[in-house]
Amino acid sequence: MEERKDGLKTPDREAVEFLVRGQVQGVGFRPFVYRLAKRFGILGSVANNGYGVVIRAMATKDALSAFIQAVIEKAPSLAKIASIESRPFKAGLEYKNFVILESEKIRDVFVHIPPDVATCPMCLHELSDPEDRRYRYPFINCTDCGPRYSIIESVPYDRERTSMKAFQMCDDCQNEYHSPGDRRFHAEPNACRRCGPGLGWHGKDGEKIETDDPIREAAAALRQGKIVAIKGLGGFHLAADASNEEAVAELRVRKRRPSKPLAVMAADLETARLICEIDAIEAAALTSPRRPIVLLKRRMDAGLALNLAPGIREVGVMLPYTPLHHLIFTFPDAPRVIVLTSGNPGGEPIAKDNNEALIRLSGIADFFLIHDREIVNRLDDSVVRQIGGKIRVIRRSRGYAPEPVTLSIEYPRMIAMGGFLKSTFCLSKGRGAVLSQHIGDLETPESIDFFEEAVGHLKDLFEIEPEAVACDLHPDYPGTRYAMSLGLPVYPVQHHYAHTTAVMAEYGLEGPCISVILDGAGLGPDLTIWGGEVLLADLYSFRRLGRLGHLLLPGGDAAAREPWRMAMSAIFSAFGPDGLENAILPGLSIISKEKRMVLTSMMMNGVNIPLTSSCGRLFDAIAAILGVCLTADYEGQAAMQLETVSWEAKDEKVSRSYPMEISKKDGMLVLDLSTIVKSVLKDLKDAVPLPLIGISFHRWLVEALCLIVKKLSEETGVKEIVLSGGCMQNKILLEGLMTAMIRKGLDPYAGELIPANDGGLSLGQLVVGGTRYVSGRTNGGC
């Protein structure tokens, strides 16, 4: 007991230093700790440093225990505590109260950087309050919301290391920023109309148009059927009235996006319910601080333009996530649902800078609604889909990046380059892996420039200079070429193995696991095109234990753009040349006879017809045989449209029973595809409804893959099953596989926070490359 000046005894005080790791900077964590310390009578300090947040606390043992428990249980909603370490320290007389200290920068540690988050309810209340000084201010924010990663230049996360350094706070904002009890204490983007960013209204020629309210002008232009480029958190969007088919059609022509689905923003959840069917899980995703685009079943009678998502049952919907979005919808003449698609010509990165947008989007937008806060890191909107009762990320960007994945062991400083489509890259340091934001398809010089720009910035931001690099096996991928140019040890990782280990990393699995990887294409070690694979894998190596039967890929990559080629390939494989002459296929007559004859000749003579086990190309073949999709202008179009058709019969209790043949070849279980092709053609001839054929095909594939996996599980004793690859974004397929495998006593795992498509490849590559680098191994079947 300590003795007071009046001679009475007080309980002994202890001095403990707590290091809180995780996403605890830029989320209001220090003022939260300050308020708790005052409540529990704690003396000491709190500060950011390169490791996280350091709390030095002096109080009785009971008070300290209650205090740290409250830190864990009551943390701000945006905080994610990874760990709390504690140690005693020697406290001096300097602790007479509790204070917030300036940030301390420590090199060579892993720092969590928060993603951008949607405007919080309290800021929305102030935004609509005529008595508040930020009434209708389009850049209102606080420690609970607003821009984060999109404005960060370096760490620790303080205003002078963000693009907000260009705006000197006024006295009122300064008082809020420096007041620990205020909701805007150290809110780095803090600003108001007097001192912060502002808006401008520009014509398509880039010239500024004088107006007292640019937002009102934008709302009116949208109602008039105009296309407006709007600068957001991570880049520009192109906006149009989602109920105006002519406006949507014109946007498609100007953007060079003939039929790929366009996302929309609804004014609020009630409006979203009017245009789509929404369950509780989807509603929670829509209204979450991340505010992703959520794929939802469209109500066809709701008045949306039919050309938003041709041939697809679902439409991508998001809710307003910036004050500017909310303000647009306050005008009575503003459409209640607007198209809000990435501000870029087809195939290029999203525009982020004002001058860049005024040049690149001048041929698309009629008007520009811009602001003068610089975007440091460009970010597309994230996309999610509810599958099997879980929200699963399809595209990981705003609201998610650059949240790290916690790895099961310490990894070296590495970089992994990802794939060719839906590209991302991944960096590691210690037990943290940083998956970049969505980069896109590396098909244009502009996309490759964005890839290299993002690599440089994320390396600098997290202070990671890689010791080694992992990449795809394919030598012609831009990421592979970039990896080879770095002069570092290179670890090529087979495409489908990387899909497997990405899921293993997300769930902390060490293996062995059996994986079912279904996608469009990935180079195999045998130099054939894989895509329907069953692997046995751990973090060191894998073995191929099963696959789909081979089909010819007539014309190579052209077959992915023209599914009719895969229809002819599938029929050729099942029946030979005679089958092509006798097959009567819906819609195939639109393909010229000359083209079909050339393709037949290619297959008969073995010219440019690589072998593939691709599940994506199998979906293409079935979709084209049924006449659902003969040519595609975006990746996965045929499969998505086949899924849409199949949903019409999803609730049918009885489907067609298609035979299956599984044989062993070269030590692998191989699912023969000729049986399904023959069955589909027979049903087509017998005028079986297309939805019933489609759902029966899905169920045939699920049953066949489950039989293969169950047999391999019994042989190996492995029950953990990984499901991944772009085809696993198909709701019918993934839900069917998971349900069937659980019934068979297996434990299936499918990604939630990491995309099943190629957006997750870089994480899987990093885990394999890092494991091999540390162990000294080179490869284990690639």
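Residues numbered from 1 in each chain as written. Predicted model: local features only at pLDDT ≥ 70, side-chain atom pairs only at ≥ 80, totals over all residues. Heavy atoms only, no water.

With that settled, consider the sheet that holds strand β20 (residues 426-435). Read from one edge of the open sheet, four strands run β20-β19-β21-β22, paired in mixed fashion. Sheet topology places β20 and β22 (490-493) at the edges, where each strand pairs with a single neighbour. Within the sheet, the average angular offset between the axes of one strand and its neighbour, ignoring direction, is 60°. Contacting β19 (404-416) and β20, helix α11 (residues 445-462) crosses the sheet at an angle of about 155° to β20. Against the sheet, helix α13 (residues 495-507) makes contact with β19, β21 (468-472) and β22, and its axis sits at roughly 95° relative to β22, the strand it touches most. (Pairing = 2+ DSSP bridges. Helix = DSSP H or I, 4+ residues; strand = E, 2+ residues; numbered from the N terminus. Axes fitted to C-alpha atoms, helices over the stretch in contact; angles between N-to-C directions. Contact = heavy atoms within 4.5 Å.)

For the rest of this paragraph, the subject is the packing of helix α15 (residues 563-575) against helix α17 (residues 593-605). The axes of two packed helices give the description: the angle between them and the distance between them. The contact between α15 and α17 brings their axes to 11 Å, and the two run at 45°. When the axes of α15 and α17 are compared, the pair comes out oblique. The handedness of the crossing between α15 and α17 is right-handed. The segment α15 lies against α17, with Trp-564, Arg-565, Met-568, Ser-569 and Phe-572 engaging Lys-595, Arg-596, Leu-599, Thr-600, Met-603 and Met-604. (Parallel < 35°, antiparallel > 145°, perpendicular 65-115°, else oblique. Left-handed = near helix turned anticlockwise from the far one by under 90°.)

To continue, consider the pattern of salt bridges. For side chains bearing opposite charge, pairing can occur when the charged atoms are close. In total, this model carries 38 salt bridges according to the counting rule given. For Glu-85, the salt bridge goes to Arg-21, with nearest N and O atoms at 2.7 Å. Here Glu-85, found in strand β6 (residues 80-88), pairs with Arg-21, found in strand β3 (residues 14-23); they are 64 residues apart in sequence, far enough to count as distant. Of the charged contacts in the structure, one is a salt bridge between Asp-212 and Arg-216, with a shortest N-O distance of 2.8 Å. (Salt bridge = Lys/Arg side-chain N within 4 Å of Asp/Glu carboxyl O.)

The next subject is the nonpolar core. Ranked by internal contacts, the top residues of the largest apolar core, which has 87 residues, are Val-516, Ile-625, Leu-701, Leu-723, Leu-737 and Met-741. A per-element tally of this core places helix α21 (residues 690-716) first, with 13 residues. In contact with Leu-723, other than residues within four places in its own chain, are Val-503, Val-516, Met-728, Leu-734, Leu-737, Met-738, Met-741, Pro-748, Tyr-749, Ala-750 and Gly-751. (Core = buried A, V, L, I, M, F, W, Y, C linked by side-chain atoms within 4.5 Å. Buried < 20%, exposed > 50% of the residue type's maximum accessible area, 1.4 Å probe, protein only.)

What follows is about the confidence of the model for the chain. Mean pLDDT over the chain stands at 92; residues scoring 70 or higher make up 96%. This stretch, residues 1-10, has a pLDDT under 50; its non-local contacts, to residues over four places away or in other chains, come to 12 contacts. (pLDDT = per-residue confidence, 0-100.)

A word on the side chain of Asp-366. Among the structural elements, Asp-366 can be located in the loop between α10 (354-360) and β16 (367-371). Those residues within four positions of Asp-366 in sequence are excluded, and the remaining contacts are Gly-203, Lys-204, Lys-226, Ile-227 and Arg-254.

Next up on the list: the pairing of strand β23 (residues 513-523). In terms of burial, β23 is largely enclosed, as nine of its 11 residues are buried. By the bridge criterion, eight bridges tie β23 to strand β24 (residues 529-537) in an arrangement that is antiparallel. Residue Gly-522 lies in a different strand from β24, and its bridge partner there is Trp-530. Taking the residues between adjacent antiparallel strands as the criterion, β23 and β24 are bridged by five residues, where Leu-527 takes a positive phi near 70°. Pairing geometry for β23 and strand β30 (residues 720-724), over four bridges, is parallel. If you follow Ile-517 over to β30, its bridge partner there is Ser-724.

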